[in-house]
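Reading the structure
Read off the chains here:
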Amino acid sequence: MTTATYAPAPGAAPLPRMIAAQAVLETKMLLRNGEQLLLTVVIPTLLLVLFSSVDIVDTGKGRSVDFLTPGILALAVMSTAFTGQAIATGFERRYGVLKRLASSPLPRWGLMAAKTVSVLVTEVLQIILLTAIAFALGWSPHGTPVAVFLLLILGTAAFSGLGLLMAGTLKAEATLAAANLVFLLLLVGGGVIVPMDKYPAGVQDVLGLLPISALSDGLRDVLQHGAGMPWGDLGVLGVWAVVGLAAAGRFFRWE
């Protein structure tokens with residue numbers, strides 16, 4: 001019988017494994033946070049059920065659920081990629097979590113990649129839940145899934161960049177207040193629940209350039225009206241994504 005010799009082999013895990021482990025941790029933390037669940041799940045669900053069941057806002061011809069569902073899906077993306085991520089990252093920065101993670105073997109871009117994966121996983125769960133509820137309310141979508149996928153990806157990139165920019169430049173308390181304020185303002189003025197044609201023409205032109213307006217209008221054109229690829233809305237989201245992510249990469253402060 002021979003005696004085996006064991007020697008420690010210290011070192012960092014492979015990069016994909018580190019990113020995956022961090023993404024799982026980020027997702028668990030988000031799903032266990034009651035305030036985040038209220039923002040990302042409860043509010044969009046209540047808005048969809050309430051405004052689809054009660055005639056509160058004139059949504060034009062057709063059923064209310066067909067108009068509201070695309071807007072609520074856009075709201076879900078914004079609540080997770082922008083509001084939720086900005087608040088969580090802002091307080092992680094305040095308490096020194098990001099500073100400590102930045103000194104680990106996981107590179108900074110790997111941490112941001114893990115946060116992005118966590119956002120995408122959460123959005124998938126949101127979309128599944130909201131879609132199931134919408135179908136139960138009588139929703140009948142149209143259009144091509146490819147266009148919907150591109151809109152959701154670009155919308156996520158745009159809101160993630162803006163959320164990280166806010167979290168990386170403002171104090172945590174200021175981020176909390178600003179992110180919630182922006183959420184409420186875009187909920188009202190972004191075409192999520194109130195149709196854009198209810199606003200004056202000049203105001204419509206300005207609101208149409210917002211990422212939430214481009215995402216909700218693009219999804220509505222495809223899912224409600226069966227339109228083809230919404231290149232204009234994709235272009236607006238693409239510009240916001242490039243500008244937001246570039247600015248976040250340039251000005252984000254880890255301490």
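Residues numbered from 1 in each chain as written. Predicted model: local features only at pLDDT ≥ 70, side-chain atom pairs only at ≥ 80, totals over all residues. Heavy atoms only, no water.

Tracing the backbone through its elements, the reader meets V203 in helix α8 (residues 201-207). Sequence separation between V203 and G189 is 14 residues, and the spatial gap between their C-alpha atoms is 9.6 Å. (Helix = DSSP H or I, 4+ residues; strand = E, 2+ residues; numbered from the N terminus.)

Turning to the layout of surface pockets, a few remarks are in order. Considered as a void within the structure, the largest pocket measures approximately 470 Å³ in volume. By residue number, the principal contributor to the lining of the largest pocket is helix α3 (residues 64-94), which donates eight residues. Looking at the lining of the largest pocket residue by residue, the class counts come to ten nonpolar, eight polar and four charged. Of the voids in this model, the second largest pocket is the one considered here, and its volume is about 230 Å³. Those elements that provide at least two residues to the lining of the second largest pocket are α5 (108-136), α6 (145-169) and α10 (231-251). The leading source of residues in the lining of the second largest pocket is α6, at five residues. Across the lining of the second largest pocket, the residue classes break down as nine nonpolar, four polar and no charged. (1 Å grid on protein atoms, 1.4 Å probe; cavity = no way out; pocket = protein on both sides within 12 Å on 5 of 7 lines; lining within 4 Å. Points joined across faces, edges and corners; volume = space filled by probe spheres on them. Nonpolar A, V, L, I, M, F, W, Y, C, P; charged D, E, K, R; others polar.)

Moving on, we come to the pattern of salt bridges. Overall, the coordinates contain five salt bridges when judged by the stated rule. The shortest N-O distance in the salt bridge between R94 and E173 comes to 2.3 Å. Within this pair, whereas R94 is found in helix α3, its partner E173 is found in helix α7 (residues 172-189), the two being separated by 79 residues in sequence. What makes R94 partly exposed here is its relative accessible area of 45%. Judged by its relative accessible area of 40%, E173 is partly exposed. Of the charged contacts, one joins R220 and D217 as a salt bridge, the two residues approaching to 3.6 Å between their closest N and O atoms. (Salt bridge = Lys/Arg side-chain N within 4 Å of Asp/Glu carboxyl O. Buried < 20%, exposed > 50% of the residue type's maximum accessible area, 1.4 Å probe, protein only.)

Here the focus is α7. With 18 residues, α7 extends 25 Å between its outermost C-alpha atoms, agreeing within 8% with the 26 Å of an ideal straight helix rising 1.5 Å per residue. In this structure, the buried side of α7 is in contact with α2 (34-53), α3, α6, α8 and α9 (211-223). The first or second residue beyond α7 is G191, which carries a positive phi of 75°. (Expected span 1.5 Å × (residues − 1). Contact = heavy atoms within 4.5 Å.)

At a closest axis distance of 11 Å, the pairing of α5 and α6 adopts a crossing angle of 130°. Here α5 is positioned oblique relative to α6, judged by the angle of their axes. Here α5 runs over α6; the crossing is right-handed. Here M112, V119, L120, E123 and I127 of α5 come into contact with α6, specifically with L152, I153, T156 and L164. Its residues placed into classes, the contact of α5 with α6 shows seven nonpolar, one polar and one charged. (Axes fitted to C-alpha atoms, helices over the stretch in contact; angles between N-to-C directions. Parallel < 35°, antiparallel > 145°, perpendicular 65-115°, else oblique. Left-handed = near helix turned anticlockwise from the far one by under 90°.)

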